[in-house]
Amino acid sequence: MVEQGRGTGEFFSHQALFYRDDASYLAGTVPFILDGLARREPVAVAVPPVRLRQIDDALGSARDRVRLLDMVEIGRNPGRLIPAVLHAFADEHDGRVRVIGEPVWPGRSEEEYAACVQHEAMVNLSFEGRDATFLCPYDVATLSDSVVADAEATHSGLVDTAGARPSPAYAPEAAYERYNLPLSAPDDAFSVPFDLETLSKARHVATEFAQRAGFEGDRLHDVALAVGEVCANSVEHGGGAGVLAVWPQRDGIVCEVTDRGQPTDRLAGRKPATAYQTGGRGLLLVNQVADLVRTHVGPEGLTTQIYLRP
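Residues numbered from 1 in each chain as written. Predicted model: local features only at pLDDT ≥ 70, side-chain atom pairs only at ≥ 80, totals over all residues. Heavy atoms only, no water.

### A short note on the overall build of the chain
Here is the rule we go by: The numbering of helices and of strands both runs from the N terminus, where a helix is a DSSP run of H or I of at least 4 residues and a strand a run of E of at least 2. We compute the radius of gyration from the C-alpha atoms alone; for a globule the expected value is 2.2 Å times N to the 0.38, where N is the number of residues. For this analysis, residues touch if any pair of their heavy atoms sits within 4.5 Å. Accessible surface area values rest on a Shrake-Rupley calculation with a 1.4 Å probe, where residue burial reflects the displayed protein chains alone. Residues scored as positive are Lys and Arg, those scored as negative are Asp and Glu, and His as well as the terminal groups of each chain are ignored. The location of each charge is read from NZ of Lys, CZ of Arg, CG of Asp or CD of Glu.
A tally of regular secondary structure across the chain gives 10 helices and 12 strands. Relative to a compact globule of 310 residues, whose C-alpha radius of gyration would be 19 Å, the chain shows 20 Å and is just as compact. Along the longest, intermediate and shortest principal axes, the C-alpha atoms of the chain span 60 × 40 × 35 Å. Long-range contacts, defined here as pairs at least 24 residues apart, represent 72% of the contacts in the chain between residues at least 6 apart. Element-wise, carbon and sulfur atoms account for 51% of the exposed surface of the chain, whose accessible area totals about 14300 Å². Distance from the positive charge centre (29 side chains) to the negative charge centre (44 side chains) of the chain: 4 Å.

Written out as structure tokens, the structure reads:
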């Protein structure tokens, strides 16, 4: 396998590593890490726990110079990865950084997977012009052909046992739009309209529903924060009003907010807050406390679904 690094010579390199077994996984990731360390580039690795242990064992004493992160924990909601993991790491350092990130693995739900594709697409926009090299492993032995095709669309470079090459299917904007899927609440969801005067009522409805579903303490505050911020955004940017719907979902709840907004900034909620920023933190906070956030922008407006677990 050839060395992966500067890619096509651009400041930012975003490559997908296609692996089929443990050997090809380690052959693609460990040299990438060691090469970065040899170049004195800070390196972070965010992958599922099984893969994290394999990399940790393979690195030996070099593990102490690498930031190892559990992707299942930090990346449960893909919407928080860009600001809280990727930018947080890159912004700590001067010069080029390297990151291995594996947000897609077998067992992701359909809702989570859609958010993963949009995350991978938005990484390119968020880091355009930055000094960073990202490598994203994909288990092509178990993931479907459609997942592989999405990886080819969201990564400008591809790496496998044959070496590194540009992706001929690279089209991140098209991939993002492909997963701008319609969202809807079930017929038996509890719904309440809201406007500026009734924002507190919407928050109360959501927290009361969450409490009955087993939420307590700080998680109840998280529900109030997430719903309050999204509903306030509807009032300010979505036509002055909206509708909140809540329902149980597997081991938690879903809160859906619909309004007439037509947002154009796809990085909303994914931009790190600056030290001097006085506003615009709402959607960023929502991504931090939610287990998953899905959005759909259509002709009639914006739908936001917030998945929360106790």
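### Points about the packing of aromatic side chains
This is how the line gets drawn: Within 6.5 Å between ring centres, the rings of Phe, Tyr and Trp (the latter by its six-membered ring) count as paired, and their orientation is classed by plane angle as stacked under 30 degrees, edge-to-face over 60, tilted in between. Note on exposure labels: buried denotes an accessible area under 20% of the residue type's maximum, exposed denotes more than 50%, and partly exposed covers the range between, all computed with a 1.4 Å probe on protein chains only.
Under the counting rule described, the total for this entry stands at six aromatic pairs. Taking 5.1 Å as the distance between ring centres and 85 degrees as the angle between the ring planes, the aromatic pair formed by Phe-12 and Phe-134 counts as edge-to-face. Remark: Phe-134 occurs in strand β5 (residues 132-139) and Phe-12 occurs in strand β1 (residues 12-19); sequence separation between them is 122 residues. On the basis of relative accessibility, which here comes to 9%, the residue Phe-12 falls in the buried class. Residue classification places Phe-134 among the buried positions, given a relative accessible area of 3%.

### Focus on the nonpolar core
How we decide: Definition used in this section: a nonpolar core is a set of buried Ala, Val, Leu, Ile, Met, Phe, Trp, Tyr and Cys residues joined via side-chain atoms within 4.5 Å.
Judged by nonpolar contacts, the single largest core of 26 residues is most densely connected at Phe-194, Leu-244, Cys-255, Ile-306 and Leu-308. Elements supplying a minimum of two residues to this core: β8 (190-195), α8 (199-212), α9 (218-237), β9 (241-249), β10 (252-259), α10 (282-289) and β12 (301-308). Looking at this core, the element that brings in the most residues is α9, giving seven residues. Ignoring sequence-local partners within four residues, the contact set of Ile-306 consists of Ala-226, Val-227, Val-230, Ile-253, Val-254, Cys-255, Val-286, Ala-290 and Leu-292. By size, the runner-up hydrophobic cluster in this structure holds 21 residues, among which are Val-85, Leu-86, Met-122 and Leu-267.

### Regarding the confidence of the model for the chain
Our working rule: The score called pLDDT rates the predictor's confidence residue by residue, from a low of 0 to a high of 100.
On average, the chain scores 93 in pLDDT, and the residues at 70 or more come to 95%. This stretch, residues 1-9, has a pLDDT under 50; its non-local contacts, to residues over four places away or in other chains, come to 29 contacts.

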